[in-house]
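Analysis of the macromolecular model
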Amino acid sequence: PQTPTISASGALTFCEGGSVTLTSSSCSTGNTLWSNGQTTPTINVSTSGNYNVTCTLNSCTSLPSEVTSVVVNSTPAPSVTASGTLTFCQGGSVTLTSSPCIGGNLLWSTGQTSTAITVNSSGNYTVTCNQNNCLSLPSALTTVVVNPTPTTPTITVSGALTFCEGSSVTLTASACTDGSILWSSGQSTNPIIVTSSGNYSVICSKNGCSSLSSSPTTVMVNPRPATPVISSNSSLSFCEGSNAQLQSTSCPSGTLSWYRNGVLVLASTSSTTYTATLAGTYYVICKNQFACNSLQSNSLVVTVKAKAVVQWEPTICSGSSVALNATGCSGTYKWYKYTSQNTLIGTGASYQTENLFTTQTSTTYTYIVKCEYSDCTTSESYVNVIVFKDSPAPPSNYSTSRFVCYNQRPTMQGSCPTNTSLVWKISGESNAYTSTLPRVTTPITTYVPYCVNRLIMLLGIPYGGCWSSAGPSITVYGSSSIPSTPVITASKTTFCEGSTEPVVLSAANCIGTV
């Protein structure tokens, strides 16, 4: 058979992915056999190679056709390498580099054509290679993630930024939701309590990215002065009327404040001494030029031995004596006359005077009592005894309610001379009463009136005083039952207008006063 020929439908050189159709001629009645084993008159070729064809007719085979060479240019997809991490913070970048594209041109998905590109924004990046006008498939996706910079936090302050040692201020960072805090002090809590001087700032970290540092907040801690020490060169236990001298160490550039039992007794003084005259626990605090207080000094306990106290000054009539009573002394009571203060006249809490006389309207006798302890004697307490020449006249023009219900008070009235008091005593009792009398609780109570010069009452009991003679007694009758309701009757209940005949009203059923 005739040797077949090959015709091509297009270019014999093309890019991978393309193809060309080869057609055999001159074997229309025979059987075609291509060098690649195909037997159809036309074949579609997509790979490089040398192609020929033969024709078999009546069991005879032609010579092979001339070789048709097909060239398929293959451009492999490039690969991408990164210079660092593909996830980073705003402001950072990464370099993406393509594998070589020998004799060809690169094209990145960003439009750039260089071998390496610098990326600073999030996205999916690819690159292709164009060789011999053949474009490769895109490289595998390279994903870059750029995390934003967190918002710069702010600091809020609760309290003064300038304070004394031992105090503090609280700093709180805001605007860092879902992030972590780091203070310039190294602390990571929020808020923080600051007790030392310094400039404090804070950053917020989120997704591995840190914010800018906040504006600094300046804290100033002023030092507290040294703790003073107090002492005394004198005894801390003394009798009332004496004192103890307390000394403190100095308070440079500041002032001292003295305290007794926790109460300020001398404020802001430059003096380092204090005279203690009262019992109690004393300490001192130093305040420096920054108005910062030291810690409390040591304490000194001062004990004052009490003096004797006379609670009242009695009055008596001429020719009488009186018991003088003192309290408060845990040592020995010692009594003296004011006119002879070196002559002891008695000891003990009570002293009974001699009978005292006067030829004047009244005369005052003064006595002294001291309290003597084993190591000291207190200052004096004075008591005056007023002696009246004459007893006051007895009361006059007095009266009372004579019938009183149980648990009610009788009403007493009467007159006494000027500067004297009307006093009632219940017969058989030591108590005396002035205006408010006790409630009636018995069927019969007898009251005796007096007039008294300078009466002293202690818990209802009269002390001293120059008493008149007793006035006539008054008996008060008490009733334990409520009186019966009285019944009124009339001599007549109807009469004519203008009648002059009297109508007599009578009350019955009243055992008492109507």
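1. Observations concerning the overall build of the chain
If you tally the helices and strands in the chain, you get 0 helices and 55 strands. Projected onto the principal axes, the alpha-carbon positions of the chain cover approximately 185 × 100 × 40 Å. Across the 514 residues that make up the chain, the buried fraction comes to 33%. Pairs at least 24 residues apart make up 53% of the contacts formed inside the chain by residues separated by at least 6 positions. Carbon and sulfur atoms make up 51% of the accessible area of the chain, which amounts to about 28,400 Å² in all. Each charge class in the chain can be summarised by its mean position, and for the 16 positive and 14 negative side chains these summaries are 19 Å apart.

2. Considering the side chain of S24
Tracing the backbone through its elements, the reader meets S24 in strand β3 (residues 20-24). What makes S24 buried here is its relative accessible area of 13%. Setting aside residues up to four positions removed in sequence, S24 forms contacts with P4, T5, T32, W34, P41 and V53.

3. Details of the sheet that holds strand β4 (residues 31-34)
Strand order in the open sheet formed by 3 strands is β4-β7-β8, and the pairing between neighbours is antiparallel. Looking at the sheet topology across the chains shown, the edges are occupied by β4 and β8 (60-61). Where β4 meets strand β7 (residues 53-57), 4 bridges bridge the pair, whose relative direction is antiparallel. Directly across from N31, in β7, lies its bridge partner T56.

4. Observations regarding the nonpolar core
In summary, soluble globular proteins display a tendency toward joint burial of nonpolar side chains. Ranked by size, the top nonpolar core spans 21 residues in total, and within it L324, A326, Y333, W335, Y367, V369 and V385 carry the most contacts. Listed by contribution, the elements that provide at least two residues to this core are β38 (323-327), β39 (332-337), β42 (362-372) and β43 (381-388).

5. Some thoughts on the state of the cysteines
Following the criterion strictly, the structure yields 11 disulfides and no others. For C176, the disulfide goes to C204, at an S-S distance of 2.0 Å. Disulfide C176-C204: the torsion about the S-S bond is 80°, which places it as right-handed. Of this pair, C176 sits in the loop between β21 (169-174) and β22 (180-183) while C204 is found in strand β25 (residues 202-206), placing the two residues 28 residues apart along the sequence. C204 shares its class with C176; the two are buried. Between the sulfur of C317 and that of C466 lies a disulfide, 1.8 Å long from S to S. In this structure, the disulfide formed by C317 and C466 twists by about 110° around the S-S bond and is classed as right-handed. Here the residue C317 occupies a position in strand β37 (residues 315-317), and C466 occupies one in strand β52 (residues 466-467), the gap between them amounting to 149 residues.

6. Points about the environment of P1
Within the secondary structure, P1 is located in the segment before β1 (6-8). Taking the relative accessible area as the measure of exposure, P1 reaches 41% and is therefore partly exposed. Sequence spacing of P1 and S98 is 97 residues, and the spatial spacing of their C-alpha atoms is 56 Å. In contact with P1, other than residues within four places in its own chain, are C55, T56, L57, C60, T61 and S62.

7. Comments concerning the side chain of N222
Locating N222 in the fold gives a position in strand β27 (residues 217-222). Leave out the neighbours within four places in its chain, and N222 touches T162, F163, C164, E165, F290 and C292.

8. With respect to the sheet that holds β27
Within a sheet, each strand pairs with its neighbour through backbone hydrogen bonds, oriented either parallel or antiparallel. Judged by pairing direction, the sheet is mixed, and its 3 strands sit side by side in the order β20-β27-β24 without closing on themselves. The open sheet has two free edges, formed respectively by β20 (162-164) and β24 (198-200), since each of these has just one partner strand. The mean inter-strand angle of the sheet, taken between neighbouring strand axes irrespective of direction, is 30°.

9. Some remarks on unusual backbone geometry
Following N190, the chain continues to P191 via a peptide bond in cis, the omega torsion being 5°. Note on placement: P191 falls in the loop between β22 and β23 (192-194). Phi is positive for S268, which is not a glycine, with a value near 50°. In this structure, S268 sits in strand β32 (residues 263-269).

10. A short note on the pattern of salt bridges
Counted according to the given criterion, the structure contains 4 salt bridges. For E372, the salt bridge is made with K334, and the minimal N-O distance between the two is 3.0 Å. Placement of the pair is E372 in strand β42 and K334 in strand β39, with a sequence separation of 38 residues. Judged by its relative accessible area of 17%, K334 falls in the buried class.

11. Some remarks on the packing of aromatic side chains
If you walk through the whole model with that rule in mind, you get 7 aromatic pairs. Here the aromatic rings of Y274 and Y282 are separated by 5.9 Å at their centres, their planes lie at 45°, and the arrangement is tilted. Ring geometry for Y351 versus Y367: centroids 6.0 Å apart, planes at 50°, classification tilted. Taken together, the residues span a long stretch of sequence, with Y351 in strand β41 (residues 350-352) and Y367 in strand β42 at a distance of 16 residues. Y367 matches Y351 in its accessibility class, with the two residues each being buried. Clustering of aromatic rings is evident, with ring pairs tying together W258, Y274 and Y282. The aromatic ring of Y336 is capped on one face by K370, whose charged end is 5.4 Å from the ring centroid.

The rules behind these values
- Numbers given to residues run from 1 along each chain, matching the order in which its sequence is written.
- Only residues with pLDDT of 70 or above have their local features reported here, since the model is predicted, and side-chain atom pairs are shown and tallied only from 80 upward, although totals for entire chains, interfaces and linings are computed over all residues.
- As a convention, hydrogens and water are excluded, and side-chain values are obtained from all of the structure's heavy atoms.
- Numbering of helices and strands runs from the N terminus; a helix is a DSSP stretch of H or I covering at least four residues, while a strand is a stretch of E covering at least two.
- Relative accessibility thresholds used throughout: buried, under 20% of the residue-type maximum; exposed, over 50%; partly exposed, between the two (1.4 Å probe, protein chains only).
- In this description, contact between two residues means that some pair of their heavy atoms is separated by no more than 4.5 Å.
- In these tables, accessible area is a Shrake-Rupley quantity obtained with a 1.4 Å probe, and a residue counts as shielded only by the protein chains included in the view.
- Charge counting treats Lys and Arg as positive and Asp and Glu as negative, with His and both chain ends excluded.
- In this description, the location of a charge corresponds to atom NZ of lysine, CZ of arginine, CG of aspartate or CD of glutamate.
- What makes two strands pair is DSSP finding at least two bridges between them.
- Only buried residues count toward a nonpolar core. Its members are Ala, Val, Leu, Ile, Met, Phe, Trp, Tyr and Cys residues joined through side-chain atoms within 4.5 Å.
- We call a pair of cysteine sulfur atoms a disulfide whenever their separation is within 2.5 Å.
- Angles shown run from 0 to 180 degrees and are taken between the N-to-C directions of axes, each axis being a line fitted to C-alpha atoms and, for helices, limited to the stretch in contact.
- For this document, the term salt bridge refers to a Lys or Arg side-chain nitrogen within 4 Å of an Asp or Glu carboxyl oxygen.
- For Phe, Tyr and Trp, rings pair up if their centres lie within 6.5 Å, where Trp contributes its six-membered ring, and each pair is then called stacked (planes under 30 degrees apart), edge-to-face (over 60) or tilted (otherwise).
- In this analysis the charged atom, NZ for Lys or CZ for Arg, is taken to sit over a ring once it is within 6 Å of the ring centre and within 35 degrees of the ring normal.

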